[in-house]
Amino acid sequence: MTNYEKYVEAFKTGLGIDGDKVTKELTYQSVMEWDSVGHMELVAELEEVFNISMDTDDIVDFNSFEAGIKILKKYNIKIEE
């Protein structure tokens, strides 16, 4: 499984949403499941999948699918399709 596939799966699992909702346009609160609680579940899932611990600033700045890709680069995680 590629890092991109793991990333998409983390969104599906962390937010409890169908794969068709996980798009590059997905942003915080653009779907009902990505609220403050869903956000923390998503972060926890990403931390587990990629074996990292995100800084508080990065958790706050993680407000979209695309932003997450940029943030994970800080942790040496490359997400490419």
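Structure's up top.
Computed from a predicted model, the values in this text were never measured in an experiment. (Residues numbered from 1 in each chain as written. Predicted model: local features only at pLDDT ≥ 70, side-chain atom pairs only at ≥ 80, totals over all residues. Heavy atoms only, no water.)

1. Some words on the overall build of the protein
Phase 1: Secondary structure summary: the protein contains four helices and zero strands in total.
Phase 2: Walking the protein from its N terminus toward its C terminus, one meets helices and strands in the order α-α-α-α.
Phase 3: At 11 Å, the protein has a C-alpha radius of gyration in line with the 12 Å of a compact globule built from 81 residues.
Phase 4: Counting only C-alpha atoms, the protein reaches 30 × 25 × 20 Å along its principal axes.
Phase 5: Across the 81 residues in the protein, those meeting the buried criterion constitute 42%.
Phase 6: Counting only contacts in the protein whose residues sit at least 6 apart along the sequence, the fraction spanning at least 24 positions is 49%.
Phase 7: As presented, the protein carries roughly 4,900 Å² of accessible surface, and 46% of it is formed by carbon and sulfur atoms.
Phase 8: Taken together, the 8 basic and 18 acidic charged side chains of the protein have centroids lying 7 Å from each other. (Helix = DSSP H or I, 4+ residues; strand = E, 2+ residues; numbered from the N terminus. Rg over C-alpha atoms; globule rule 2.2 N^0.38 Å. Buried < 20%, exposed > 50% of the residue type's maximum accessible area, 1.4 Å probe, protein only. Contact = heavy atoms within 4.5 Å. Areas by Shrake-Rupley, 256 points an atom, 1.4 Å probe, with all protein chains shown as cover. Lys, Arg positive; Asp, Glu negative; His and termini not counted. Charge placed at Lys NZ, Arg CZ, Asp CG, Glu CD.)

2. Points about the packing of aromatic side chains
The geometry of an aromatic ring pair comes down to the distance between the two centres and the angle between the two planes.
Phase 1: Applying the stated criterion across every chain yields a total of eight aromatic pairs.
Phase 2: On the basis of an interplanar angle of 45 degrees and a centroid distance of 5.2 Å, the ring pair of Phe11 and Phe65 is categorised as tilted. Highlighted residues: Phe11 in helix α1 (residues 3–15) and Phe65 in helix α4 (residues 65–73), separated in sequence by 54 residues. For the pair formed by Phe11 and Phe65, the shared burial category is buried.
Phase 3: Ring geometry for Tyr28 versus Trp34: centroids 6.1 Å apart, planes at 90 degrees, classification edge-to-face. (Phe/Tyr/Trp six-rings, centres within 6.5 Å; stacked < 30°, edge-to-face > 60°.)

3. Focus on unusual backbone geometry
Only a minority of non-glycine residues have a phi that is not negative, and only a minority of peptide bonds are not trans.
Phase 1: Positive phi values are uncommon outside glycine, yet Asn51 reaches one of about 55 degrees.
Phase 2: Mapped onto the secondary structure, Asn51 falls in the loop between α2 (36–50) and α3 (56–61).

4. Digging into the nonpolar core
Phase 1: By size, the foremost hydrophobic cluster in this structure holds 26 residues, and its most contacted members are Tyr7, Phe11, Phe62 and Phe65.
Phase 2: Those elements that place two or more of their residues in this core are α1, α2 and α4.
Phase 3: Element by element, the count of residues in this core is highest for α1, at six residues.
Phase 4: The residues contacting Tyr7, other than those within four sequence positions of it, are Leu46, Phe50, Phe62, Ser64, Phe65, Gly68, Ile69, Leu72 and Ile79. (Core = buried A, V, L, I, M, F, W, Y, C linked by side-chain atoms within 4.5 Å.)

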